[in-house]
Amino acid sequence: APSSPRAPFPMQARLAAAASTSGRTRIDPRAPQPRARTRLGRAHARRQHARESTSSPAQAERAPEDETASSTMVPRVFVVSDIHTDFEENMKWVRGLSDTKYANDAIILAGDVSDDLSVLGETLVLFASKFGHTFFTPGNHELWCKRRGPLKDGESEADRETIPDSMTKLERVLRLCDECGVETRPRLIGDGERKLWIAPIVAWYHSSFDYEPDITETRVHPPHLVMSDFRLCEWPGLDPKDESVAEAMDAVNDARGWGTFLEWLRRPEQSAADASVPIVSFSHFLPRLELCPEKRMLFYPNLPKAVGSDFVMRRIQNLRAEQLPGARRKRTHVHCFGHTHFGWDATIDGVRYIQAPVSYPHEWKQRPGSLTVGPDANGRDFDFSGRRRLAEPCCIFDWERHGGFAPKMSARWSDHYASNPRTPQDTELAWWVRGSALKGRADDESD
């Protein structure tokens, strides 16, 4: 790598100029923006040109394999969720990731980067400049269309009303991803026999996802009374308290080439090796209730009503069904997720589920044990509780070291359920939850 500093590519220049004039990094989501040139060098320029020619919204139905990076092996795949770069500590970590170490690797960003399009854009550009492939799907924070908190310097109330609803916000987020060189559709990466499908899934949660008994020991408010999503999102013609939002969000996948993806998986003329290529799908929200601790274990026992989507599970099941008789072996399937801020690695019904949340800085001080997962494919724990600047994204796939996916990783809650079956009929609050609830009631009575 040259020792001289690199000139900023167009998106970086735009971000820098905006920051210098307003005191805060901003991107006007309404303005057309140049596509990010994320790395210097002739070889990367060829790869980037191939991306630009195949990833526009108008070409959503292009065969996914046509977008394969030409003769580019992708030896490692990393994953993180809930990056929350609104927190300076988290943004500083992203900026500090090596500019060269991950040049041939892929990273999966499983939602919740920021509700602010300028912060989201800066974060996506940073990842796209450091990794050979960056994949993203929106979380709930990205779809907040009503800004929270006091007005910032240079901001007027009118600035907060530029995005009328959350479906419009989704369109702008996906367009921003295209402009930053970030993948939001299924894609086949790698070459030769070292290939891997990566499939983002757009989703939203619904309360009927939760089928386990409620806590009756104490009064627990429903999600729509306590969760920010119900105040900061707007869903014209849809009701966030039923399945209509989740169904509408799921339909976005079909409009963005999911059907073509399935057709490529079931092609009868593909080789036995191609018929066995592993799949990494990912969503922000949970596809199974078993991936969340039971209600009695949670400080907010009704959290399971606002974490998952049966629609995601149906897509996973569809992928599992795409197994050709001529396949050398069944496709290995890993699904990554986020949202709940719990480290996780568990295999259920033949699918491996992984969560590696960056989370909020204060959570690593309060409960690091429930966030950590590892050791990963690089032999490191995904752990931000110590020297944060040295932490790396969680590596789940490494051809060189493991010939594929990382061995089973340890995580507090998934380890717990590996040896302790769920007993949701037990609705007595765990001691740490009861103690917190009693303290909360005492604080309320003293106010």
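Structure first, text after, so check above.
Residues numbered from 1 in each chain as written. Predicted model: local features only at pLDDT ≥ 70, side-chain atom pairs only at ≥ 80, totals over all residues. Heavy atoms only, no water.

A. Representation of the overall build of the protein chain in the model. Helix and strand content of the protein chain: 14 helices and 13 strands. Scored against the burial criterion, the 447 residues of the protein chain give a buried share of 57%. Counted over contacts in the protein chain with a minimum sequence separation of 6, partners at least 24 positions apart contribute 77%. About 18,900 Å² of surface is accessible on the protein chain, with carbon and sulfur atoms providing 51% of the total. (Helix = DSSP H or I, 4+ residues; strand = E, 2+ residues; numbered from the N terminus. Buried < 20%, exposed > 50% of the residue type's maximum accessible area, 1.4 Å probe, protein only. Contact = heavy atoms within 4.5 Å. Areas by Shrake-Rupley, 256 points an atom, 1.4 Å probe, with all protein chains shown as cover.)

B. Examining helix H9 (residues 258–265) more closely. With 6 of its 8 residues buried, H9 lies for the most part within the structure. Restricting attention to buried positions, one finds in H9 the residues Trp258, Thr260, Phe261, Leu262, Trp264 and Leu265.

C. Local environment of the sheet that holds strand S4 (residues 187–191). If you trace the 6 strands from one edge of the open sheet to the other, you get S4-S5-S6-S7-S9-S8, paired in mixed fashion. The open sheet is flanked by S4 and strand S8 (344–348), the only strands paired with a single partner. Neighbour to neighbour, the strand axes of the sheet diverge by 20° on average, direction disregarded. Direction of pairing for S4 relative to strand S5 (residues 194–200): antiparallel, over a ladder of 5 bridges. Across the sheet, isoleucine 189 pairs through a bridge with leucine 196, a residue of S5. (Pairing = 2+ DSSP bridges. Axes fitted to C-alpha atoms, helices over the stretch in contact; angles between N-to-C directions.)

D. Region of the structure containing the environment of phenylalanine 209. Here phenylalanine 209 is to be found in the loop between S5 and helix H6 (223–226). In this view, phenylalanine 209 contacts Leu286, Pro287, Arg288, Leu289, Pro304, Val307, Gly308, Ser309 and Asp310; residues no more than four positions away in its chain are not counted.

E. Inspection of the nonpolar core at higher detail. Membership of the largest hydrophobic core comes to 60 residues, with the highest contact counts inside it found for Trp93, Phe127, Phe136, Ile198, Phe382 and Ile396. Element by element, the count of residues in this core is highest for helix H4 (residues 117–130), at 8 residues. Beyond its immediate chain neighbours, meaning those up to four positions away, isoleucine 396 contacts Val77, Val79, Val280, Cys336, Ile354, Ala377, Gly404, Phe405, Ala406 and Met409. One finds Phe261, Leu303, Leu429 and Val433 within the second-largest nonpolar core, a separate group that totals 55 residues. (Core = buried A, V, L, I, M, F, W, Y, C linked by side-chain atoms within 4.5 Å.)

F. Here's a closer look at the pairing of strand S7 (residues 333–336). The alternating pattern of S7 places His333 and His335 and Val334 and Cys336 on opposite faces, both of which are buried. With 4 bridges joining them, strand S6 (residues 279–282) and S7 adopt parallel strand pairing. The residue bridging phenylalanine 282 from the neighbouring strand is cysteine 336, located in S7.

G. Representation of the pattern of salt bridges in the model. Counted under the stated rule, the structure contains 29 salt bridges. Its salt-bridge partner being arginine 175, residue glutamate 179 comes within 4.0 Å of it at the nearest N-O pair. Remark: arginine 175 and glutamate 179 occur in helix H5 (residues 166–180); sequence separation between them is 4 residues, near one turn of the helix. The exposure class assigned to glutamate 179 is buried, which follows from its relative accessible area of 13%. Salt-bridge contacts for arginine 187 lead to glutamate 183; the nearest nitrogen and oxygen are separated by 2.5 Å. The same class applies to arginine 187 as to glutamate 183, namely buried. Within this structure, Asp210, Asp214, Lys295 and Lys305 form a network of salt bridges that share partners. (Salt bridge = Lys/Arg side-chain N within 4 Å of Asp/Glu carboxyl O.)

H. Spotlight on helix H10 (residues 310–321). Counted at 1.5 Å a residue, the expected span for H10 with its 12 residues is 16 Å, and the 17 Å between its end C-alpha atoms agrees. Where the residues of H10 are buried, they touch helix H8 (244–255), H9, S6, S7 and strand S9 (351–355). Looking at where H10 begins, the residue whose side-chain oxygen comes 3.1 Å from the main-chain nitrogen of phenylalanine 311 is serine 309. (Expected span 1.5 Å × (residues − 1). Polar contact = N/O pair within 3.5 Å; in protein donor to acceptor, adjacent residues only side chain to side chain.)

I. Fine view of the side chain of histidine 84. Mapped onto the secondary structure, histidine 84 falls in the loop between strand S1 (76–80) and helix H3 (88–96). If we skip the residues at most four places from it in the chain, histidine 84 touches Asn90, Asp112, Val113, His141, His341, Ser359 and Tyr360.

J. Region of interest: the packing of aromatic side chains. Counted under the stated rule, the structure contains 22 aromatic pairs. Both rings, one in tryptophan 364 and one in phenylalanine 382, keep their centres 6.4 Å apart while their planes meet at 65°; by these two values the pair is edge-to-face. Separated by 18 residues along the polypeptide, tryptophan 364 in helix H11 (residues 361–366) and phenylalanine 382 in the loop between strand S10 (373–374) and strand S11 (394–398) bring together distant segments of the chain. Both residues of the pair, tryptophan 364 and phenylalanine 382, belong to the buried class. Seen from their ring centres, phenylalanine 382 and phenylalanine 384 are 5.0 Å apart, and the 65° between their planes marks the pair as edge-to-face. (Phe/Tyr/Trp six-rings, centres within 6.5 Å; stacked < 30°, edge-to-face > 60°.)

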